[in-house]
Amino acid sequence: MEQSKRNRIITQGLGVLLIGLLVQGTGWLKGNSLVFPGVGEILRAFFALLGKGQTYRLIGTTVLHLAEALVLSSLAGIALGLLEGVWDFAHELLTPLMTLLRSIPMVVLAVVIMVLTKYERVPLIATSLILIPLISEAVCEGCRAIPQELLDVYRLNSPLNLTVVRLVYLPMMAGYLRQAYVSAVGMGVKMVVSTEYLVQTRDSLGKAIHNSIYFNDYQDIYAYVLLIALVVLLLGRLPAALISLNEKHKKTSPTGRSSRARR
């Protein structure tokens with residue numbers, strides 16, 4: 001296990017090195033050091049950003065937008081996914097809408113929402129609409145994958161309600177949800193930053209990238225890309241870490257120990 005983990009880290013390190021070589025090679029081929037600055041210059045700009053307090057304010061604004069969108073899309077996505085999973089008519093009815101939301105270009109969706117509502121709401125609404133199909137599809141697949149005999153057991157004692165959803169459905173589809181949230185974080189960050197760029201959200205990563213493009217600070221643009229990748233990496237590991245922490249808490253809790261003792 002340790003050897004496999006070490007090999008994976010080495011391979012990923014080589015992948016990062018490959019990205020640096022591609023950026024450096026593109027600059028050499030184009031002969032344009034302004035648009036394609038060297039890797040060293042990009043890294044200096046990156047570490048300079050890490051040393052500024054303003055950078056963390058920008059990250060905080062963008063992560064807040066992402067968190068709000070995840071909460072909203074989770075509520076709607078889980079509800080719609082359960083509805084699709086237990087009712088075939090709802091699944092067929094909502095499939096065209098979910099396909100439309102998955103396939104519509106982000107820019108088009110953002111522009112439409114800009115026309116319909118206030119600019120400060122665009123990152124939340126646009127990102128939520130993009131993430132709802134991703135979460136609802138995972139919930140629907142997880143719901144349909146639950147063995148029928150388990151569903152028959154709860155139906156003998158209770159109709160479908162919030163308690164059954166919390167104690168039966170959600171635990172059984174946890175693997176589907178975990179993978180959906182990992183994908184949702186990456187897609188959500190891209191959507192949030194894109195909409196922040198379009199509507200010029202104050203104190204956000206999208207606004208900072210716009211300013212860097214306006215002033216031709218391309219090394220800062222690439223540095224912000226590295227920063228966003230780092231944020232996505234950390235946030236992408238958060239769902240698995242929370243689930244693991246919750247399972248560990250259950251094992252060490254008095255209730256968990258007493259139930260094992262009875263067994």
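Quick look at the structure, then. Keep in mind it's a predicted model, so treat the numbers as computed, not measured.

To continue, consider the pattern of salt bridges. Taken as a whole and judged by the stated rule, the model has two salt bridges. With a closest N to O distance of 3.5 Å, Arg 102 and Glu 137 form a salt bridge. Remark: Glu 137 occurs in helix H6 (residues 122–145) and Arg 102 occurs in helix H4 (residues 88–103); sequence separation between them is 35 residues. Residue Glu 137 is classed as partly exposed on the basis of its relative accessible area, which comes to 34%.

Taken as a whole and judged by the stated rule, the model has three aromatic pairs. Centroid distance Phe 46 to Phe 47: 5.4 Å. Interplanar angle 65°. Geometry classified as edge-to-face. Ring plane angle 90° and centroid distance 5.0 Å describe the contact between Tyr 214 and Phe 215, whose orientation is recorded as edge-to-face. With relative accessibility at 62%, the residue Tyr 214 sits in the exposed group. Note on Phe 215: relative accessible area 55%, which makes it exposed.

Rules and cut-offs
Residues numbered from 1 in each chain as written. Predicted model: local features only at pLDDT ≥ 70, side-chain atom pairs only at ≥ 80, totals over all residues. Heavy atoms only, no water. Salt bridge = Lys/Arg side-chain N within 4 Å of Asp/Glu carboxyl O. Helix = DSSP H or I, 4+ residues; strand = E, 2+ residues; numbered from the N terminus. Buried < 20%, exposed > 50% of the residue type's maximum accessible area, 1.4 Å probe, protein only. Phe/Tyr/Trp six-rings, centres within 6.5 Å; stacked < 30°, edge-to-face > 60°.

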